[in-house]
Amino acid sequence: MSRFALILAFALPPTILANPAGKEGARKETPAEVLKKALDHAVTLEVSEQPLGTVLQQLSDQAKATIVLDHNALFNIGDPTDMAVSLKAKDMKLRSALRSVTGQHGLSFGIVGDHILVSSEDAVNQRQLRQRVSVDLDAVSLPKALKDLAQQTATNVLVDPRAFKAATDAKVSLQLDEVPLETAVRIMSEMANLRPVRLGNVLFVTTSDRADRLKADADIPLPAPGPRDPNMAFPGGAIPVPALPPAAPAVPPPAPPAVPPMPPKPAGGN
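Residues numbered from 1 in each chain as written. Predicted model: local features only at pLDDT ≥ 70, side-chain atom pairs only at ≥ 80, totals over all residues. Heavy atoms only, no water.

Engineer: Honestly, the layout of surface pockets in this entry has me stumped. Any pointers?
Structural biologist: Each pocket or cavity is described by its volume, and for the largest pocket that value is around 390 Å³. Taken together, 19 residues make up the lining of the largest pocket; nearest its centre are Gly 110, Gln 128, Ala 154, Asn 156 and Asn 201. By residue class, the composition of the lining of the largest pocket is 6 nonpolar, 8 polar and 5 charged. In this structure, the second largest pocket occupies an estimated 190 Å³ of space. If you trace the second largest pocket, you find 12 residues lining it, with Glu 182, Pro 196, Val 197, Arg 198 and Lys 215 closest to the centre. Broken down by secondary-structure element, the contributors of at least two residues to the lining of the second largest pocket are helix H8 (181–190), strand E11 (195–199) and helix H9 (208–219). Classifying every residue of the lining of the second largest pocket by side-chain character gives 6 nonpolar, no polar and 6 charged. (1 Å grid on protein atoms, 1.4 Å probe; cavity = no way out; pocket = protein on both sides within 12 Å on 5 of 7 lines; lining within 4 Å. Points joined across faces, edges and corners; volume = space filled by probe spheres on them. Nonpolar A, V, L, I, M, F, W, Y, C, P; charged D, E, K, R; others polar. Helix = DSSP H or I, 4+ residues; strand = E, 2+ residues; numbered from the N terminus.)

Engineer: Any chance you could explain the sheet that holds strand E12 (residues 202–206) here in plain terms?
Structural biologist: Judged by pairing direction, the sheet is mixed, and its 3 strands sit side by side in the order E9-E12-E11 without closing on themselves. In the strand order of this sheet, the two ends are held by strand E9 (156–159) and E11, each with one partner. In this sheet, adjacent strand axes meet at a mean angle of 25 degrees when their direction is disregarded. One ladder, built from 4 bridges, connects E9 with E12; its direction is parallel. Bridging from a neighbouring strand, Val 157 pairs with Leu 203 of E12. Sitting on the sheet, H8 is in contact with E9, E11 and E12, with an inclination near 145 degrees to E11. (Pairing = 2+ DSSP bridges. Axes fitted to C-alpha atoms, helices over the stretch in contact; angles between N-to-C directions. Contact = heavy atoms within 4.5 Å.)

Engineer: Where do I start with the packing of helix H2 (residues 52–63) against helix H4 (residues 94–103) in this structure?
Structural biologist: For any two helices packed against each other, one specifies the inter-axial angle together with the distance between the axes. At a minimum axis separation of 11 Å, H2 and H4 run at an interaxial angle of 180 degrees. Here H2 lies roughly antiparallel to H4, going by the angle between them. Seen from H2, the contacting residues are Leu 52, Val 55, Leu 56, Leu 59 and Ala 63; seen from H4, they are Leu 94, Ala 97, Leu 98 and Val 101. Considering only residue class, the contact of H2 with H4 consists of 9 nonpolar, no polar and no charged. (Parallel < 35°, antiparallel > 145°, perpendicular 65-115°, else oblique.)

Engineer: I keep staring at the side chain of His 115 and nothing clicks. Help me out?
Structural biologist: Positionally, His 115 belongs in strand E7 (residues 115–119). At 3.1 Å, the side chain of His 115 forms a polar contact with the side chain of Asp 114. (Polar contact = N/O pair within 3.5 Å; in protein donor to acceptor, adjacent residues only side chain to side chain.)

Engineer: Got a minute to help me understand the nonpolar core in this structure?
Structural biologist: Nonpolar side chains in soluble globular proteins generally cluster together in the buried interior. Judged by nonpolar contacts, the single largest core of 30 residues is most densely connected at Leu 52, Leu 56, Leu 59, Leu 87, Leu 94, Leu 98 and Ile 116. Setting aside anything within four residues of it in sequence, one finds Leu 59 in contact with Val 43, Leu 45, Ile 67, Leu 87, Leu 94, Ala 97 and Leu 98. If you look at the next biggest cluster of nonpolar residues, it comprises 27 residues, including Ala 145, Ala 150, Val 172 and Val 205. (Core = buried A, V, L, I, M, F, W, Y, C linked by side-chain atoms within 4.5 Å. Buried < 20%, exposed > 50% of the residue type's maximum accessible area, 1.4 Å probe, protein only.)

Engineer: Please clarify how unusual backbone geometry should be interpreted in this entry.
Structural biologist: Residues other than glycine seldom take positive phi values, yet Asp 91 does so here, at roughly 50 degrees. In this structure, Asp 91 sits in strand E5 (residues 84–93). Phi angles above zero are rare outside glycine, and Ala 139 is one such case at about 55 degrees. Positionally, Ala 139 belongs in strand E8 (residues 132–141). Taking the relative accessible area as the measure of exposure, Ala 139 reaches 47% and is therefore partly exposed.

Engineer: What is the right way to look at the confidence of the model for the chain in this model?
Structural biologist: Low pLDDT means the predicted atomic positions in that stretch should not be read closely. Across the chain, the average pLDDT comes to 80, with 71% of residues at or above 70. Within the model, pLDDT remains below 50 along residues 1–14, and this stretch shows 42 contacts once partners closer than five positions in the same chain are excluded. (pLDDT = per-residue confidence, 0-100.)

Engineer: Teacher, can you tell me more about the pattern of salt bridges here?
Structural biologist: For side chains of opposite charge, pairing can occur when their charged atoms come near one another. Counted by the stated rule, this structure contains 9 salt bridges. For Arg 95, the salt bridge identified is with Asp 40, shortest N-O distance 3.2 Å. Here Arg 95, found in helix H4, pairs with Asp 40, found in the loop between helix H1 (31–38) and strand E3 (42–51); they are 55 residues apart in sequence, far enough to count as distant. Residue Asp 70 pairs with Arg 127 through a salt bridge whose shortest N-O separation is 3.8 Å. Here Asp 70 is found in strand E4 (residues 67–70), whereas its partner Arg 127 is found in helix H5 (residues 121–129), with 57 residues between them in sequence. (Salt bridge = Lys/Arg side-chain N within 4 Å of Asp/Glu carboxyl O.)

See below:
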C-alpha cells in the first residue's frame, strides 16, 4: 500500500503527547520528529511537466515519509490534478525538492502530526498551530516546556529573550488532553503572565504589551497600489529621474545679407 495519502481539510492528525518532566530518556520520537529527519533524506528524481500528486508520491516512496496533498483546500486555488511540475534533483534533500515543486504553484508544506501537508501557506500554518496535543507537566520552567512541545510537534514556538527571566521563573504544572497546540501554548504562557502572538507559522511568547503591538502591526493592511510614479524606474525602489535643464529660448536664424540694388542703366546706352 502506498505511503502517499490524500486527505480532506477537516481531517485531524493524531494527538501529540508532550512528555512529562524527567522522562526524556525513556521517550520515543514522535511521528513529527521522525518526519523532521526525513526532510533531510536525499532524493533523486527527474521529471518534466508531471502532475503534482504523482511527483509527491514518488518523493514519498523514496523518503519513506507520508506526504499529503490537501485537495479540499487547493480547490479554492485551482484543480490540483491540473498542477504540473518539473524537478531535477540528484541527492537533494527532501525539503529542498518539496520547496521546488510546491513553489511552482505558490504552495507550501509543513509537518502536521504524522504527515507532511502540501497546501496553501495559510492552510499549512493553520493546521500546524491547531494540531491536537496533550501535555502533562509538573513544575517545569516555561522555556523548557515550550521547547519540548516545539520539538515534539516540529513547530516554531519561541520565547522573547527580553521576557526570558519571567518565563524561567515561572514553573508550569499542567495537564491537558487533546487541545489545539495554539491553545496549549497560550495557557502555559498565561502562567508566566506572558502571551503568545502568532507571526506566520511562529508562536512568539512575549509580554502582553509587545504581543498587542506585534499583532497590531500584523493587522495593518498594505496600502492599495496607487497610480504609477514616473520616478519609479524599477519595481521595489524609486529611482529619482533628474530633471532636464530648461530648454534655451528659440533664436531665429540670421537674415541673409542685403544685396545692394543695381545702378540704373544710362539712357541711350547699348
